[in-house]
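# Chain and residue survey
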Amino acid sequence: MRNLMLTVTLLLAVFCSIAQSSGSITVGGDLDKFYPVTFNDGGWESHAPTKLVIGRSNVHENETWRGSLMAEFSFHTYVVGHTSNFIDVMIKNDVFSWTENTMKKFIAGWVDPTYGAGIRGIIIWLRGGGITYHYTSNFSVDPVIYDGVQNALPFNNSGTASYSYKTQADRYVNSLGHSWGTNHNFLANVGIDVASPTEKLEVNGKIRAKEIKVESGPWPDYVFKEDYKLPSLSDVEKHIKEKGHLPEVPSAKEVEKEGIALGANQAVLLKKIEELTLYMIEQDKINKAQAEQIKEQAALLQVLQLQVNKKL
């Protein structure tokens, strides 16, 4: 019985040693460059994602104030057509204070290069300059460093692509949080600096974007249709005197209390611009008619003046 238990214990120990991987690597080269390091997708054959942790707990490792890092990678590679692939990343690192905050990241990017022949794993660009990184994983990852010292640059992935060092981090790298490699669908409300959001997305602060697309109700092209009844300017004037704002446009108190629905508000503003355009077109017609009338009157006066002159 004792021998059986010993055998089971040894088998479990062997299994765990095969399934898990840990160690450390030191990336050489220059401190201001990030070098490609390959990590195998050890969980691929086991039908499970590989979970890799890269860390530096001690800010003084390698050199005083060299910096600390905690990064978690969960990934499953493409391998020429297996489309459940993804790379999800969480990074937390401090600033390189000893370089006057000019270097703020240890990781410059990552990629799944398995669309063709070559490695079955991912590439992570890690800062060089003799920095040591410690890693643990639920499967064997066998890191290989391409820093021009331990292995030559660039790294050629069996002729399908070539990867060299980076001098700055890619724009998708979030050095203080999560970076997800796939689209996400949030079925509940989402709040940013809001504990209990009441809208699908509620943000307590400013939002910056390259472009915002808002799907709105009917666009007011109907203003230009022949059957549209354009409000008279006297009615508009009356509304302004009574309400203090244009018809259909929310008041200052309403905006302060409820905010503005961008899509609906843009439609209202466009409607007012289109109505104003119609007023201007109508006024232009009146101005042209008056100018023509004045011209005719001037011509008639000129004829009368000639007739008077002849009689004299």
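Here the structure is shown first, and the text comes after it.
Overview of the structure. All figures in this text were calculated on a predicted structure; none of them were measured in a lab.

Attention shifts here to the pairing of strand β3 (residues 50-56). Regular strands place side chains that alternate from one sheet face to the opposite one. With five of seven residues buried, β3 is to be regarded as a mostly interior element. Here seven bridges tie β3 to strand β4 (residues 69-76), and the two strands are oriented antiparallel to one another. Residue Leu52 lies in a different strand from β4, and its bridge partner there is Phe73. In terms of strand pairing, β3 meets strand β8 (residues 131-137) through four bridges, oriented antiparallel. Within β8, the residue paired with Val53 across the bridge is Thr136.

It is worth spelling out the sheet that holds β3 at this point. Spatially, β1-β8-β3-β4-β5-β12 is the arrangement adopted by the six strands of the open sheet, whose pairing is antiparallel. Each of the sheet's edge strands pairs with one partner strand only, and the pair in question is β1 (21-27) and β12 (178-179). With seven bridges connecting them, β1 and β8 associate as antiparallel partners. Each residue of the ladder has a partner; that of Ser22, found in β8, is Thr136.

Nonpolar side chains collect at one region of the surface, where Ile212, Val214, Ile260 and Leu262 lie side by side and expose about 380 Å² of accessible area between them. Mapping Ile260 onto the fold places it in the loop between α3 (252-258) and α4 (262-311).

Time to look at the sheet that holds strand β9 (residues 144-145). As summarised here, the arrangement of the four strands in space is β6-β7-β2-β9, forming an open sheet in which the pairing is antiparallel. Lying at the two open borders of the sheet, with one neighbouring strand each, are β6 (107-111) and β9. Here β6 runs beside strand β7 (residues 121-127); their pairing, made up of four bridges, is antiparallel. Along β7, the bridge assignment pairs Val111 with Ile123.

This part takes up the pattern of salt bridges. Applying the stated criterion across every chain, the model contains eleven salt bridges. Of the charged contacts in the structure, one is a salt bridge between Asp30 and Lys33, with a shortest N-O distance of 3.0 Å. Since its relative accessible area comes to 38%, Asp30 is described here as partly exposed. When its relative accessible area of 15% is taken as the criterion, Lys33 is described as buried. For Lys33, the salt bridge goes to Asp32, with nearest N and O atoms at 3.6 Å. Asp32 gets classed as partly exposed once you look at its relative accessible area, which sits at 42%.

Once that is clear, we can look at the environment of Leu69. Structurally, Leu69 is set in strand β4. Sequence separation between Leu69 and Ile54 is 15 residues, and the spatial gap between their C-alpha atoms is 7.6 Å. Leu69 has contacts with Ile54, Gly55, Arg56, Ile91, Lys92, Asn93, Phe106, Ile107 and Tyr133, leaving out every residue within four places of it along the chain.

Conventions used here
Residues numbered from 1 in each chain as written. Predicted model: local features only at pLDDT ≥ 70, side-chain atom pairs only at ≥ 80, totals over all residues. Heavy atoms only, no water. Buried < 20%, exposed > 50% of the residue type's maximum accessible area, 1.4 Å probe, protein only. Helix = DSSP H or I, 4+ residues; strand = E, 2+ residues; numbered from the N terminus. Pairing = 2+ DSSP bridges. Patch = residues over 30% accessible without salt bridge, like charges linked within 9 Å, V, L, I, M, F, W, Y side chains within 5 Å. Areas by Shrake-Rupley, 256 points an atom, 1.4 Å probe, with all protein chains shown as cover. Salt bridge = Lys/Arg side-chain N within 4 Å of Asp/Glu carboxyl O. Contact = heavy atoms within 4.5 Å.

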